[in-house]
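# Descriptive structure summary
Below, each chain spelled out in residue letters.
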Amino acid sequence: MGLLSDPNRRKAITSLLTRLNTPICVVCYLAGIAWFMGLAFEPFTLRTYMSENAMGSTMVEERFPSGERALATAREFAAHKKKVGGMPVDWLVKTMRAQGLEVFTQSFSRNLPFPDESKERFVVRGTNVYGILRAPRAPRTEALVLSAPCSPGNSNNQAVGLLLGLAQYFRSQIYWAKDIIFLVNEHDLIGVQAWLEGYHHTNITENCRITSSLGRAGSIQAALSLELNSDVVTSLDLVLEGLNGQLPNLDLANLFHAFCQKLGILCTIQGKLQRSDWDTVEGYTHSAQTMLLMVLKQASGRPWGEHGLFLRYHIEAASIRGVNSFRQYKTDATSIGRLFEGMVRKLNNLLERLHQSYFFYLMPSLTRFVSIGYYMPAFGLLTTILLLRALDLWVHLGTPTPVTEDGVGEGESPSSPGLLSVLTPVVISHLTGVALYTLPVLSQEMAVEHFPVSETEAVVLTAIAIYTAGLALPHNTHRLISGEGTEQGWRVLKLVALLYLAVLLGCTALINFSLGFILAVTLVPAAACVTPHVPKALSAVAMVLLSPGCTILYCVFLFQELQEVPVSLAEGWMLFLSVISQGILDHALYGSLVYPLLALLVYPCWLLFWNILFWK
Amino acid sequence: MAKFLFVTICTVANLFAFLPVIHGNNFETKATQFFSSGHTNNWAVLVCTSRFWFNYRHVANVLSVYRSVKRLGIPDSHIVLMLADDMACNHRNPKPATVFSHKNMELNVYGDDVEVDYRGYEVTVENFLRVLTGRLPPSTPRSKRLLSDDRSNILIYLTGHGGNGFLKFQDSEEISNVELADAFEQMWQKRRYNELLFIIDTCQGASMYERFYSPNIMALASSQVGEDSLSHQPDLAIGVHLMDRYTFYLLEFLEDIHPASQANMNDLFKVCPKSQCVSTPGHRTDLFLRDPGSVLITDFFGSVRKVEITREAINLTNPTELPQDLTSLRNELKSEALFYVDQLPVADIIHQKPKQKDWHPPDGFILGLWSLILLVFFKTYGIKHLKHIF
């Protein structure tokens, strides 16, 4: 007889499972958290190395000479920008044409679903200017992109100046095998999105009217984005996290680090400089902080630099930000120009897209990384808890309940609970999720009429209102259905909900590990422990504290702590509101998936457990 | 006294009389020596197997050897040059139409007179083996053929990326050392070479000559099995490594060779010791019939015509004396019957084992296993189940 079909053996195994379930779950949870925190410990990480043969170990001597001229161009750009009061399109076109590039402009306009807080605009209209440097001897099949944003005010002038300086220097070289596109975009991410959609003739987001681009340079192999606010910098910060938590190929980070080392420039990631004392507590906390910052940034699903939108088109891109802090040693524009020259020249040597190195990784520091094979077990341990609980419930559902008082008690067990009693909470929870997804944006006009709030606040507060209204659901659901509420009922519902949560978290972790892990850390204990028999008040409070909304709140506070800008409770709350509005806006503008995921899938799942808690 | 004087004059007169005769004998011996060395023409097959810009150094390697070989006298019609990629006209080359082999661009090994026979995607394992064995379609032009005969000395130079027992062609296929050894055996059986010098500059190059089994082959490699062949120097203006170490020092050595040089193979073996090359170059001479010390570099790298000016007339009607060992070998070869290798060695394929007539008891292991299984079965289920079996 088989192991599971033999009733004695089966009873032994299932009794083992039932007896040890809670201890194993606790051990798994602690092990998962410990594994994750241990990833930042340096002996458990690997040193980064260049995987692509074409970008091999030899480096050329960079000869970019004109940092000063680039800064002068930047000042001219700033003056013209102030004169025009926006983007000086004509001046840019004239300058780029004088340098010998093929210049094209693209105008775009976007309708925002509701005005964003910082800029209070409903419609965004702008122009992108881009110049293409044609490779002198190569066919026009591949391209590289260098982009700098045109920001209002006094920021990022030096970036545009350096871009134009590099364009002039690159124009006089003959060794380019790919076309180089120099892009100056207006309105930051909205401009980049419009440019990418026009370039690739795609239409990912609606409400976007763009004139399709006239000039094309082939398929883009890699992109670099500059952000420079000062004439001199003390360090360069690398930003990797992109839309929906997508990361560029690790080789791009290795390339950046290699050139920083060669030119003697300080380079940082997450704004933190690497420490060499990994065996002390401070060293470990420093790496853990860096890694947690990366996890939080990845989980938010926002593009943290202009490069973030390129990643969706399988273009490996990174943003490099110049930081001017209070250090003695300053790097001038010529060195930064040389860094970019070296990086672009190395990317020029590429024969195919970057694919040799890792696409899924976490970086506790710029020279150390953790690959997916090492960090996934942490998530796996957390999912095991859900599966163990589900198995336990399955076993309980399978065995008939022992006859306790009298023979009549047997009556309820053989009949499985009606499908309706399980399906109803599921349907109602998902309807609530749909309401959370659609209503805030749709009902903003109505809310503004009736309440003295701005549109953004209306959207956010409506979302929070619907979220809280969902908490009242169990009391109302039970009025709809009569004559249910069996012991089996909630068990079946919990089984379904556990499996649903496990699949949901698993799929999320595959795409965006950080988001999946953070959700798992808070949702798994709630899902595993909730039954109708635990003390209601205490567990209700606990459930609310572990709900997705509060998870976002904790993440906001944690993020501010890690960035060494701690906030008070009130400020934190305002930040939380702005995070929600930004999430909804990101979804509408760039197709970020975090908001729909949380509203349509995670929140209903959590509501199911809330329903189980209040099961009668 | 007078007697003594007479004897002296006689001796001196005799000396002067015999001198021309001795001189004449010297020329006779020299003339016989003329035809005693084996080869009458030289060929070279130079192959670069890697493509892509970062493999610039392999093309530079081959072109350096090509340059030396041409300088020492082998004409283009006797050189088969196979380059897998075009570095001189690569878009990334900041100095177009040049391939440099020295830092600071001292030496451009590309130029107007470089005749590439197999270029780009034509450099494949199949084409290489067809060139060696001569099995080319009738439409192949002469420049793409190795038209060697049994008096040709052939230099074969391979470079690229290799491993233990294989050499990579064009990032898509490999040639193994067994295939190469069989190709050389085909060449020997078809009498396509007199002597062969095989030089390979790849990682673990010594593994490529381990399997040779045809006579008259001498092999050199840049590194032993398990070692990597390293590249020499990067050029900061071009941005790639220009040469591999072994070929760099080989080129330096060859620059000192001129057509009349008497340097021999033992000097070649000393090129690039471990201190310069980091890897240990190896060589194999056991298949070679002559002593390496008596083999001149120019026997393989140059096309040296033996010219000696004389005013004497030499009688060539007498059959010349070949050296004893070569004669015996030739006789041996002529006497043994030539046959083709068995196409289908049936006896090897079908292993006919004689049927065992008498019964042998089964292996102890099988017995033990079965008894263990039976023991477990009976222990678990009790003896009473015995009746169900029997």
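What counts, and at which threshold
- Residues numbered from 1 in each chain as written.
- Chains lettered and ligands numbered in written order.
- Predicted model: local features only at pLDDT ≥ 70, side-chain atom pairs only at ≥ 80, totals over all residues.
- Heavy atoms only, no water.
- Salt bridge = Lys/Arg side-chain N within 4 Å of Asp/Glu carboxyl O.
- Helix = DSSP H or I, 4+ residues; strand = E, 2+ residues; numbered from the N terminus.
- Buried < 20%, exposed > 50% of the residue type's maximum accessible area, 1.4 Å probe, protein only.
- Axes fitted to C-alpha atoms, helices over the stretch in contact; angles between N-to-C directions.
- Parallel < 35°, antiparallel > 145°, perpendicular 65-115°, else oblique.
- Left-handed = near helix turned anticlockwise from the far one by under 90°.
- Contact = heavy atoms within 4.5 Å.
- Nonpolar A, V, L, I, M, F, W, Y, C, P; charged D, E, K, R; others polar.
- Disulfide = S-S within 2.5 Å.
- UniProt positions renumbered as here; feature names shortened; annotations may be inferred.
- Polar contact = N/O pair within 3.5 Å; in protein donor to acceptor, adjacent residues only side chain to side chain.
- Phe/Tyr/Trp six-rings, centres within 6.5 Å; stacked < 30°, edge-to-face > 60°.
- Lys NZ or Arg CZ within 6 Å of the ring centre and 35° of its normal.
- Pairing = 2+ DSSP bridges.
- Buried area = accessible area lost by both parts, 1.4 Å probe.

### Comments concerning the pattern of salt bridges
All told, the structure shown has 23 salt bridges over all chains when counted by the stated rule. When the shortest N-O distance is used, the salt bridge between A:D586 and A:R302 registers 3.5 Å. Residue A:D586 is located in helix α18 (residues 569–590), and its partner A:R302 is located in the loop between α7 (281–300) and β10 (316–323); the two are separated by 284 residues in the primary sequence. The buried category is assigned to A:D586, whose relative accessible area is 3%. One salt bridge connects B:D286 with B:R284, and the closest N-O pair in it is separated by 2.8 Å. By relative accessible area, which is 15% here, B:R284 ends up buried. Here the salt bridges do not stand alone but share partners, grouping A:E102, A:R134, A:R140 and A:D179 into one network.

### Thoughts on the packing of helix α14 (residues 487–511) of chain A against helix α15 (residues 513–529) of chain A
Residue and element names in this part refer to chain A. With their axes 8 Å apart at the nearest point, α14 and α15 run at an angle of 165° to one another. It follows that α14 is roughly antiparallel to α15 by the angle criterion. α15 is crossed by α14, and the crossing has left-handed handedness. On the side of α14, the interface is formed by K494, L498, L501, L505, T508, A509 and I511, while α15 contributes F513, L515, G516, L519, A520, L523, V524, A527, A528 and C529. In the contact of α14 with α15, the residues fall into 14 nonpolar, two polar and one charged.

### Quick look at the state of the cysteines
Cysteine pairs can be covalently joined through their sulfur atoms, and such a bond is termed a disulfide. Residue and element names in this part refer to chain B. Tallying each qualifying case throughout the model produces one disulfide over all chains. Residue C272 pairs covalently with C277 via a disulfide, S to S 1.7 Å. Residues C272 and C277 are joined by a disulfide whose S-S torsion is about 100°; by sign, that bridge is right-handed. Here C272 and C277 have matching classes, each one buried. The closest cysteine sulfur to the non-disulfide-bonded C203 is located on C277, 12 Å from its own sulfur. Given the relative accessible area of 18%, C203 is considered buried.

### So, the environment of B:I257
Note on placement: B:I257 falls in the loop between α5 (245–255) and α6 (265–269). Linking B:I257 and B:I297, residues 40 residues apart in sequence, is a C-alpha distance of 8.1 Å.

### Some remarks on the UniProt feature "active site" (unreviewed entry) in chain B
Residue and element names in this part refer to chain B. Sequence positions flagged by UniProt for "active site" (unreviewed entry) are, in local numbering, H161 and C203. Across 43 residues, the annotated set stays spatially compact, with a maximum C-alpha separation of 6.4 Å. Topologically, H161 is positioned in strand β5 (residues 161–163). Exposure remark for H161: the relative accessible area of 25% places this residue in the partly exposed category. For H161, the residues in contact, after removing those within four places along its chain, are T49, S50, N55, R57, H58, L167, K168 and T202. There is a polar contact of 2.8 Å between the side chain of H161 and the side chain of N55. Topologically, C203 is positioned in the loop between β8 (195–201) and β9 (217–221).

### Topic: the packing of aromatic side chains
Counted by the stated rule, this structure contains 36 aromatic pairs over all chains. For the pair B:F184 and B:F212, a centre-to-centre distance of 4.9 Å together with 70° between the ring planes defines the contact as edge-to-face. Here B:F184, found in helix α4 (residues 177–189), pairs with B:F212, found in the loop between β8 and β9; they are 28 residues apart in sequence, far enough to count as distant. By the burial criterion, B:F184 is buried, and B:F212 matches it. Within the aromatic cluster, the residues linked to one another by ring pairs are A:F64, A:Y169, A:F170, A:Y175, A:W176 and A:F182. Lying over the aromatic face of A:W304, A:R302 brings its terminal NZ or CZ to 5.1 Å of the ring centre. Taking the ring centre of B:Y118 as reference, the NZ or CZ of B:K144 above it sits at 5.2 Å.

### Here we look at the sheet that holds strand β11 (residues 361–365) of chain A
Residues and elements named next belong to chain A. The three strands are arranged β1-β12-β11 in an open sheet whose pairing can be described as antiparallel. For this open sheet the edge positions go to β1 (46–47) and β11, each flanked by a neighbour on one side alone. Note that β11 and strand β12 (residues 368–371) share three bridges and pair antiparallel. Paired with Y361 across the two strands is S371, which belongs to β12.

### Some words on the side chain of A:T268
Residues and elements named next belong to chain A. As for its placement among the helices and strands, T268 is situated in strand β9 (residues 266–269). Judged by relative accessible area, T268 falls into the buried class, the value being 6%. Residues within four places of T268 in sequence aside, it is in contact with S235, L236, D237, L238, L273 and L366.

### Here we look at the interface of chain A and chain B
On the chain B side, the residues contacting the 21 residues of chain A number 17 residues. A combined buried area of about 1,500 Å² lies between chain A and chain B, and 55% of that area is made up of carbon and sulfur atoms. Run the count over chain A and chain B and you get zero salt bridges. The tally of links between chain A and chain B comes to seven residue pairs in polar contact (both at pLDDT 80 or more). Here the residues of the side of chain A that touches chain B sort into eleven nonpolar, five polar and five charged.

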